[in-house]
Every structure is written in C-alpha cells, then in structure tokens.
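Coordinates in review
Here is how the chains run, residue by residue.
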Amino acid sequence: MNYSNRTYAFVNTSDIGSVDFSQVMETSADTVRKSIDESQFILKWYTASEPTFIANGSVSTVWQGSHADCLTKLTSSFWTDTGSMP
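This report concerns the structure included in the present document. Keep in mind it's a predicted model, so treat the numbers as computed, not measured. (Residues numbered from 1 in each chain as written. Predicted model: local features only at pLDDT ≥ 70, side-chain atom pairs only at ≥ 80, totals over all residues. Heavy atoms only, no water.)

**Re the packing of aromatic side chains**
Two aromatic rings, taken as a pair, are described by how far apart their centres are and by the angle between their planes. In this structure the tally under the stated criterion is three aromatic pairs. Aromatic pair Phe10 and Trp63: ring centres 4.7 Å apart, planes at 35 degrees, arrangement tilted. Note that Phe10 is positioned in strand 1 (residues 6–12) and Trp63 in strand 3 (residues 61–65), a separation of 53 residues in sequence. When sorted by exposure, Phe10 lands in the same class as Trp63, which is buried. Centre to centre, the rings of Phe78 and Trp79 are 5.6 Å apart; their planes meet at 85 degrees, and the pair counts as edge-to-face. Ring-pair connections join several aromatic residues into one group, and the members of that group are Phe10, Trp63, Phe78 and Trp79. (Phe/Tyr/Trp six-rings, centres within 6.5 Å; stacked < 30°, edge-to-face > 60°. Helix = DSSP H or I, 4+ residues; strand = E, 2+ residues; numbered from the N terminus. Buried < 20%, exposed > 50% of the residue type's maximum accessible area, 1.4 Å probe, protein only.)

Structure, rendered in structure tokens:
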C-alpha cells in the first residue's frame, strides 16, 4: 500500500483533548498509539488536508514526517518495549 500521501506526527499527550478526530485517521483518544511512557501519541492525516488544529498552532507537533520515517522512529525504545533478555 502507498502511504506517501500521508503525514505522520508525534504529539504530546497533554494536547490530546484539543485534537479534532474528525480531521485525522484515528477515531478517538482511545485508539491512538502512545509512547511507552504515554507522554506522546501518533496522529496521521492526508498531507493535502492538514488538520486545522495543527495549522493554527492550537496543537503543536513534536515531530512530523513520512510513513517510512515514522516506522524507523517507532523502533526506538521510546515507542517499542524492547524488554530485557534474561
């Protein structure tokens, strides 16, 4: 599947109440993926339709990028529990 027309963003969880979920691909605060410490979550939208809450600055992103870049970032221990090997 081609995801090149989507923008992915990491947002601080403290801003989750300001997200209009009708403007993004996630359906609610309950369905977003959160970082291991739950301090950030991921949003995605069609690049041509930037959400108004992002455009007007009422919600600031920590990071924005492509699907491929997002997948790379998600491999870090901030996003994925790597556990400890016995």
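Read on, since the account is not over.
**Thoughts on the sheet that holds strand 3**
The strand order across the open sheet formed by three strands is 2-1-3, and the pairing between neighbours is antiparallel. In the strand order of this sheet, the two ends are held by strand 2 (40–46) and strand 3, each with one partner. Each adjacent strand pair in this sheet contributes to an overall mean axis angle of 20 degrees, direction not counted. Examined bridge by bridge, strand 1 and strand 2 share seven bridges and lie antiparallel to one another. Bridge assignment links Ala9 to a residue of strand 2, and that residue is Leu43. (Pairing = 2+ DSSP bridges. Axes fitted to C-alpha atoms, helices over the stretch in contact; angles between N-to-C directions.)

Everything listed here is a matter of coordinates, which is why it stays silent on function.
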